[in-house]
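# Summary of structural features
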Amino acid sequence: MIKDYAVGIDIGGTNTKFGIVDRHGIILEQDRIRTDAYENAEDFIEGLYGKLRLMIANHGGNDYFKGIGVGAPNGNYYTGTIEYAPNLKWKGIIPVADLIEKKFGIPTKLTNDANAAAVGEMMYGVAKGMKHFITITLGTGVGSGIVIDGKIVLGHDGFAGELGHTVIRPGGRLHKGTGIRGSLESYASATGVRETAIEMLSENPGAPSLLRNYAIDDLTSETVFKCAEQGDAIANQIFEFTGQILGEALANFVMFSSPEAIVLFGGLTKAGDLILNPTVQAMEANLIQIFKNKVKILYSDLKEADAAILGASALVWDA
């Protein structure tokens, strides 16, 4: 029997999204549950099963499914475990792939959510046909997936590719989650943009800015973007600063793996040229000659609402 379908599951700190995906990357049905409503992984999988088994039945049952793919924070492809994920209630090492496979009776693969996104780009997105590229997710944090010779770089323990935690400003801004100073995620994430806005407003108390119309709790990367669109000098300076740091980091990544392209995804990409132009300028300025003008920076063309499910399901089809 031809197995036409895969299940894609994206486990996030707040919500878990899941869907039925065919071989062409079309999501036929999808739903979600609250991740944070479950105190332990076993109860979570029961809740997931309650909804997902009906969707599987709607598409012919288990015999028509090649597998289940799961993207999760701190997911380990080698072991199928989630390990010490800081944004989940379930602590320690959790054998999630094994628990799901036993519950559903369908082969299950699990990996880091950013790696799943990279596989999704390679199968369904702008990186289709590429064998050497890096995905960078610019959201609440900075996620990344590295593809070399058509394969995700996993490292000896399954956790390679944490580019967001590389130090780009030694001794710089404190990352509250890791305790490390000066990491890329501290600056080039939506959280980092907010921190930069607070710092620049504080350091320039006499400078007029539309950002001063917002209470500190209401300052977000989105409000910075809105103000920058209106020509606000400090808001534009925030994106220039963020792009410079991101571009310097990308230059390091290029010289490490010589990718054909870097694919950017996530909320910050909505800023468009405001962040892209300084990023490209800083990247090219920090590359040695043999790497200059060789690497494309692309925006993902996957629909943001669907990308996580597609990326997870792509694990099933990926050889």
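This text follows the structure it describes.
Now for a quick tour of the structure. Counting of residues starts from 1 at the beginning of each chain's written sequence and follows it residue by residue. pLDDT decides what is reported in this predicted model: residues at 70 or higher carry local features, side-chain atom pairs at 80 or more are listed and counted, and totals for whole chains, interfaces and linings draw on all residues regardless. As a convention, hydrogens and water are excluded, and side-chain values are obtained from all of the structure's heavy atoms.

We now examine the overall build of the protein. Runs of E in the DSSP output that reach at least two residues are strands. Runs of H or I that reach at least four are helices, and both are numbered from the N terminus. Along the protein, the regular secondary structure elements total 9 helices and 13 strands. Throughout, the radius of gyration refers to the C-alpha atoms, and the reference size of a globule is 2.2 Å times the residue count to the power 0.38. On C-alpha atoms alone, the protein measures out to a radius of gyration of 20 Å, which is about the 20 Å that the 2.2 N^0.38 rule sets for 319 residues. Overall, the C-alpha framework of the protein stretches about 65 × 45 × 35 Å when taken along its three principal axes. The cut-offs for exposure are 20% and 50% of the maximum accessible area for each residue type, with area from a 1.4 Å probe on protein chains only; residues under the lower value are buried, those over the upper are exposed, and the others partly exposed. Scored against the burial criterion, the 319 residues of the protein give a buried share of 52%. When the accessible surface of the protein is split by element, carbon and sulfur atoms take 51% of a total near 14,400 Å². A residue counts as positive if it is Lys or Arg and as negative if it is Asp or Glu; His and the chain ends are not included. Positions of charges follow a simple convention, taking NZ of Lys, CZ of Arg, CG of Asp or CD of Glu. Of the side chains in the protein, 28 bear a positive and 37 a negative charge, and the two mean positions are spaced by 2 Å. Note on areas: Shrake-Rupley with a 1.4 Å probe; residue coverage comes only from the protein chains shown.

The sheet built from 3 strands is open, its strands ordered β5-β6-β7 with antiparallel pairing. Every interior strand has two partners, whereas the edge strands, β5 (75-76) and β7 (93-94), have only one. Relative to strand β6 (residues 81-83), β5 runs antiparallel, the two sharing 2 bridges. If you follow asparagine 76 over to β6, its bridge partner there is threonine 81. Between any two strands, pairing holds if DSSP finds at least two bridges.

Moving on to the packing of aromatic side chains. Aromatic contacts are taken between Phe, Tyr and Trp rings whose centres are within 6.5 Å, Trp giving its six-membered ring; a plane angle under 30 degrees counts as stacked, one over 60 as edge-to-face, and the others as tilted. Per the stated rule, a full pass over the model turns up 5 aromatic pairs. Where phenylalanine 44 meets tryptophan 90, the ring centres are 4.8 Å apart and the plane angle is 45°; that geometry is what we call tilted. One end of the pair, phenylalanine 44, is in helix α1 (residues 41-58); the other, tryptophan 90, is in the loop between β6 and β7, and 46 residues separate them in sequence. Ring centres of tyrosine 187 and phenylalanine 241 lie 6.0 Å apart, and the angle between their planes is 70°; this geometry places the pair in the edge-to-face category. Within this pair, whereas tyrosine 187 is found in helix α4 (residues 185-188), its partner phenylalanine 241 is found in helix α7 (residues 233-257), the two being separated by 54 residues in sequence. On the basis of relative accessibility, which here comes to 26%, the residue phenylalanine 241 falls in the partly exposed class. What links up through ring pairs into an aromatic cluster is the set Tyr38, Phe44 and Trp90. Cation placement over rings: the criterion is NZ of Lys or CZ of Arg within 6 Å of the ring centroid and within 35° of the ring normal. Above the face of the tyrosine 49 ring, lysine 103 is positioned so that its terminal group lies 4.8 Å from the ring centre.

Within the secondary structure, asparagine 76 is located in strand β5. Among the polar contacts listed, one links the side chain of asparagine 76 to the backbone oxygen of aspartate 157, at a separation of 2.7 Å. Excluding residues within four positions of it along the chain, asparagine 76 makes contact with Thr81, Glu83, Leu110, Asp157, Gly158 and Phe159. For this analysis, a polar contact is any N or O atom pair within 3.5 Å, provided that within protein one partner can donate a hydrogen and the other can accept it, and provided that sequence-adjacent residues contribute only side-chain to side-chain pairs. We call two residues in contact whenever any of their non-hydrogen atoms come within 4.5 Å of each other.

The next point concerns unusual backbone geometry. Its identity is not glycine, yet asparagine 74 carries a phi of approximately 55°, on the positive side. Structurally, asparagine 74 is set in the loop between β4 (65-72) and β5. Positive phi outside glycine occurs at tyrosine 84, with the angle close to 55°.

On to the pattern of salt bridges, then. Any Lys or Arg side-chain nitrogen found within 4 Å of a carboxyl oxygen on Asp or Glu counts as a salt bridge. Enumeration according to the criterion identifies 10 salt bridges in this entry. Across the pair aspartate 36 and arginine 34 runs a salt bridge whose closest N-O atoms are separated by 2.9 Å. With a relative accessible area of 42%, arginine 34 lands in the partly exposed category. As a salt-bridge pair, glutamate 199 and arginine 173 come within 3.0 Å of each other at their nearest N and O atoms. Taken together, the residues span a long stretch of sequence, with glutamate 199 in helix α5 (residues 190-203) and arginine 173 in the loop between β11 (151-152) and α4 at a distance of 26 residues. With relative accessibility at 33%, the residue glutamate 199 sits in the partly exposed group.

Here we take up the sheet that holds strand β3 (residues 27-34). Taken together, 5 strands build an open sheet; the order of strands is β3-β2-β1-β4-β8 and the sheet is mixed. The strands lining the two open edges of the sheet, one partner per strand, are β3 and β8 (108-112). Along the sheet, successive strands turn relative to each other by an average axial angle of 15°, direction set aside. Inspection of the sheet shows β4 paired to β8 by 5 bridges, in the parallel sense. The partner of glycine 69 across the bridge, within β8, is lysine 109. Lying on the sheet, helix α9 (residues 304-317) is in contact with β1 (5-11), β2 (15-22), β3, β4 and β8; it crosses β1 at an angle near 125°. Helix axes are fitted only over the stretch in contact, all axes being lines through C-alpha atoms; the angle between N-to-C directions runs from 0 to 180 degrees.

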